[in-house]
Amino acid sequence: MGDAIDVVEVLLTKDVPYAGESISVATLESAIEQERTRQDHQVKALQVLQHRNTEVSGSLAREVQQLGRVSQHLGQGRVNASVWGRFREAMARIPGFSSLAVTPQSVEEILRHQYEVSLVRVKEAAELADRLGMAEAELHDELERLNTKIIDSARNETLAAEHVLALQQERDRLELELESAIEPGPRTHEMQRNIDRLRRVMADHSMRLQLYHTAEGRLSRLQESTRLLIGTIGNLRNDVTAYATAASEKLDLVAGQIRAIGTAADASVVMLEMKRSLDAMAEALDQSTRFIADTQLYFRQSLPGLLDDLHVFDTQTRDVLQRNLELSQALEDERIARGVEFALLMQAEQEALPESSDA
Amino acid sequence: MDPLEFASPSVSAEELALEGDAAQRYVDGLSRAIARARLSDQYPPGKRLAAQVSAMGPAAHGGLYPELRVDRRSGLPSYREWTRVSADAELSSKILAELPPEDELRARAQREAGGAHDGIWTKQLRKLCYHRLLSTIDGTPPSQMVVKLRRVDPGQRRAWFHVVLDKLDQSGVFVRSCLDLAQTASFWSRPMLRLDDDAVRETQALRTIIYRLTSLDAELTFVRLADTEGLTIERVIKGTVGPVYVPGVAMPEALRAELPGPPAPGFLMATFGLDMAAGDVAEDGDNDPVEDLLTERLDPEGQAAYAAARQRYGYRVYKDRKLVVSSPALVDVAHRFCARMGTRNVVYALRGGAT
């Protein structure tokens, strides 16, 4: 009898080493809400980046149009075609100026200006890639945090199940002993007292078992959403990085060609070189624009769906939580029974594992 | 190690590609040389250029850019580098506004330290430092024209202007063209400058003429504008930063002859030219050891044409150049080079006073 009481005392006073903060319906709700807030923040950041993407795309498109116009203008040889231009050219001929025809605007200057504007646009695109990189890194941190919580919840779930089973085993033993007692007396009262105390502790730990199980599931769904976001942002970042790098390399080539044009920028051969430079730049930026347009389409298609999914998920989890709360208040016994049942199931699975692996 | 030493630069046909410490030593040397030259307003803006050059070094950008390209003809950073700094500076305020606080970036960068490559947070921390620096400097692009009204005489329908064009020239040197000119309004001539209620603006025609002539002598610009209906040109001054001679950069034969061997690592000789064509120049002269006057390069017929132009428009030309060398030991070399070219020039040393 003394040993039996000791076992009960040990079980009742056992400090189960749950990881993390203590769990309750309120703390779980709060923890999930925090994670959801973080995720909402990331989605909003994504929307900002989408907006930025639209801006960069628009400005690049304008530069491409401008380059196209200049290139066409040069290609048709219309830089110096006006009557006034030809007249001034003729009048401007003085000793030493034979190679310096006067044009409405220096083609070298046009090209340099266009290069400088385009460089800023490409840098804006590179900056967008960095912003996406930061968002992706933050989401990876978020995923790591969720993984840690999921692992903790899973471990705690196992600990709770083990403890609930141990409590139930002792309670069953005492109930059996109580039923077999011939007459009530101090001993039976002591047994009834221990049964009640065990039941109380079981109620606490079976609730934890259910909460940890719920937490694991809900955190896993958040984890899936986070992975979706990481995938979306990662793809976009890779695309933007690719076009920004390609455009930057093209601009390097154009910078070299600008230098090669020299002071005789109006000579016909130089005009051809110029057109080639402009075509190269226009081609690079045109590719960039197409890239951005594609990724923008991707965003437009995937982001609203993603947001809808997240909101649906949010509603569903709230409903589940509410239902759990009502159940836990109204049907404590049933919850304990389910906890025990679940703990037994887990135990059975645990026992089956070594056999499976041995096989 | 000599702070100017930049050993083993990788060499391409037109540009040097400096990396790491070599790039930083070059940037330090060049920015110090520009500051040491004590450039007046007639030269490209020394303080702005020195600050922009400093921003090109790894110490400023923290390795965001793998290399620094140097124009082999001028010894100055290539056009790409100048535009890169000005484009970055244009975006600085926007980037700084969007980056997380420094403490947060440092903590995140510290957490990701130890990987094979720098992570995104390390890069952002570098960008924060780089753009903070850029936000303190003038990132004006390589080319810029400013026109100021000096005075107006409504009775004569005449206005006097001061025009300044800064430009990274095709030859790779930085040029500032300063022009003092007057314009008389006339029904028959198209104005080169426009005077609005609150501002004065150059026309595209004037801008094009000046822009395209920066590569050539001040005299050419003077003659070209003097021949323009409605304009009276008073003075054209062109100040240049460069060429700068460092190992790997094209160097005058006369300078090479004064060196005991190939330029040693750490060798730097920066030159700063001034070319004037104006009515108030005391006498024609050429004290430039690096570049001859245009007329000296022409055939006798061309020289005669220009002599006639000087007579007609009443101007004189003068070219001068000052030099900055990387060490006092090179001052004598610089003087001997100048003497060999028939000139006497001011030479400053980076470590030591003017001679």
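Quantities reported herein were computed from a predicted structural model and do not represent experimental measurements.

> I would appreciate a short explanation of the overall build of chain B in the present structure.
For chain B, the count of helices and strands is 12 helices and 13 strands. Among the 355 residues that make up chain B, the fraction classed as buried is 48%. In chain B, the share of contacts with a sequence separation of at least 24, taken over all contacts with a separation of at least 6, comes to 70%.

> How should I be thinking about the pairing of strand S5 (residues 158–168) of chain B in this particular structure?
In regular strands, side chains alternate between the two faces of the sheet. Residues and elements named next belong to chain B. The pairing of strand S4 (residues 144–153) with S5 spans 9 bridges and is antiparallel. If you follow Val-152 over to S5, its bridge partner there is Ala-159. The pairing of S5 with strand S6 (residues 174–184) spans 11 bridges and is antiparallel. From the neighbouring strand, Ala-159 faces S6, where its bridge partner is Gln-183. Two successive antiparallel strands, S5 and S6, enclose a turn made up of 5 residues, where Gly-172 displays a positive phi of approximately 95°.

> Looking at this model, I keep getting lost on the packing of helix H1 (residues 20–36) of chain B against helix H2 (residues 46–54) of chain B. Mind explaining?
Residues and elements named next belong to chain B. Between H1 and H2, the shortest axis-to-axis distance is 9 Å and the interhelical angle comes to 175°. Between H1 and H2, the crossing angle belongs to the class labelled roughly antiparallel. Here H1 contributes Val-27, Leu-30, Ser-31, Ile-34 and Ala-35 to the contact with H2, which in turn contributes Gly-46, Leu-49, Ala-50, Val-53 and Ser-54. Classifying every residue of the contact of H1 with H2 gives 7 nonpolar, 3 polar and no charged.

> Please explain the domain arrangement of chain B as it appears in this structure.
By a frequent convention, interface size equals the accessible area lost on bringing the separate parts together. All names here are of chain B. Along its sequence, chain B is carved into domain 1 (10–134) and domain 2 (144–349). The centre of domain 1, based on its C-alpha atoms, is set 30 Å off from the matching centre of domain 2. Contacts between domain 1 and domain 2 engage 22 residues on the former and 28 residues on the latter. Among the elements of the structure, H1 and helix H4 (79–98) are those that each provide at least two residues to the side of domain 1 that touches domain 2.

> Sorry if this is basic, but what is going on with unusual backbone geometry here?
Glycine aside, residues mostly have negative phi, and peptide bonds are mostly found in the trans state. Residues and elements named next belong to chain B. With an omega dihedral of 5°, the bond running from Gly-242 to Pro-243 counts as a cis peptide bond. By the element assignment, Pro-243 lies in strand S9 (residues 231–245). Positive phi outside glycine occurs at Arg-38, with the angle close to 50°. Note on placement: Arg-38 falls in the loop between H1 and H2.

> Please clarify how helix H8 (residues 218–226) of chain B should be interpreted in this entry.
Turn by turn, an α-helix covers 3.6 residues, leaving residues three or four places apart pointing in a common direction. Extensive coverage of H8(B) is indicated by the burial of 9 of its 9 residues. Of the positions making up H8(B), those classed as buried are Ala218(B), Glu219(B), Leu220(B), Thr221(B), Phe222(B), Val223(B), Arg224(B), Leu225(B) and Ala226(B).

> So what exactly am I meant to see when it comes to the environment of Asn238(A) here?
On the secondary structure map, Asn238(A) appears in helix H5 (residues 186–261). Considering only alpha carbons, one finds Asn238(A) and Glu351(A), 113 residues apart in sequence, at a separation of 46 Å.

> Help me understand the confidence of the model for chain B, please; the structure alone is not making it clear to me.
Detail in the predicted coordinates should be disregarded across regions flagged by low pLDDT. Residues and elements named next belong to chain B. Confidence in the prediction of chain B, expressed as mean pLDDT, is 83, and 87% of residues score 70 or more. Per-element averaging of pLDDT across chain B places strand S1 (residues 10–11) at the bottom with 47 and strand S10 (residues 269–278) at the top with 94. Below pLDDT 50 for its whole length, residues 1–11 participates in 26 contacts with residues either more than four positions away or in separate chains. Reported for the predicted complex are a pTM of 0.72 and an ipTM of 0.79.

> Help me understand the nonpolar core in this model?
Generally speaking, soluble globular proteins have nonpolar side chains that are buried together. Residues and elements named next belong to chain B. Counting 54 residues, the largest nonpolar core has Tyr-26, Ala-270 and Val-325 as its most contacted members. The element that contributes the greatest number of residues to this core is H1, accounting for 7 residues. No fewer than three residues from each of domain 1 (10–134) and domain 2 (144–349) sit in this core. Counting residues in hydrophobic clusters, the runner-up holds 31 residues, among them Val-147, Tyr-211, Ala-218 and Met-276.

The rules we used
- Residues numbered from 1 in each chain as written.
- Chains lettered and ligands numbered in written order.
- Predicted model: local features only at pLDDT ≥ 70, side-chain atom pairs only at ≥ 80, totals over all residues.
- Helix = DSSP H or I, 4+ residues; strand = E, 2+ residues; numbered from the N terminus.
- Buried ≥ 20, exposed ≤ 12 C-beta atoms within 10 Å, placed from the backbone.
- Contact = placed C-beta atoms within 7 Å.
- Pairing = 2+ DSSP bridges.
- Axes fitted to C-alpha atoms, helices over the stretch in contact; angles between N-to-C directions.
- Parallel < 35°, antiparallel > 145°, perpendicular 65-115°, else oblique.
- Nonpolar A, V, L, I, M, F, W, Y, C, P; charged D, E, K, R; others polar.
- Domains from an automatic or database assignment.
- pLDDT = per-residue confidence, 0-100.
- Core = buried A, V, L, I, M, F, W, Y, C linked by C-beta atoms within 7 Å.

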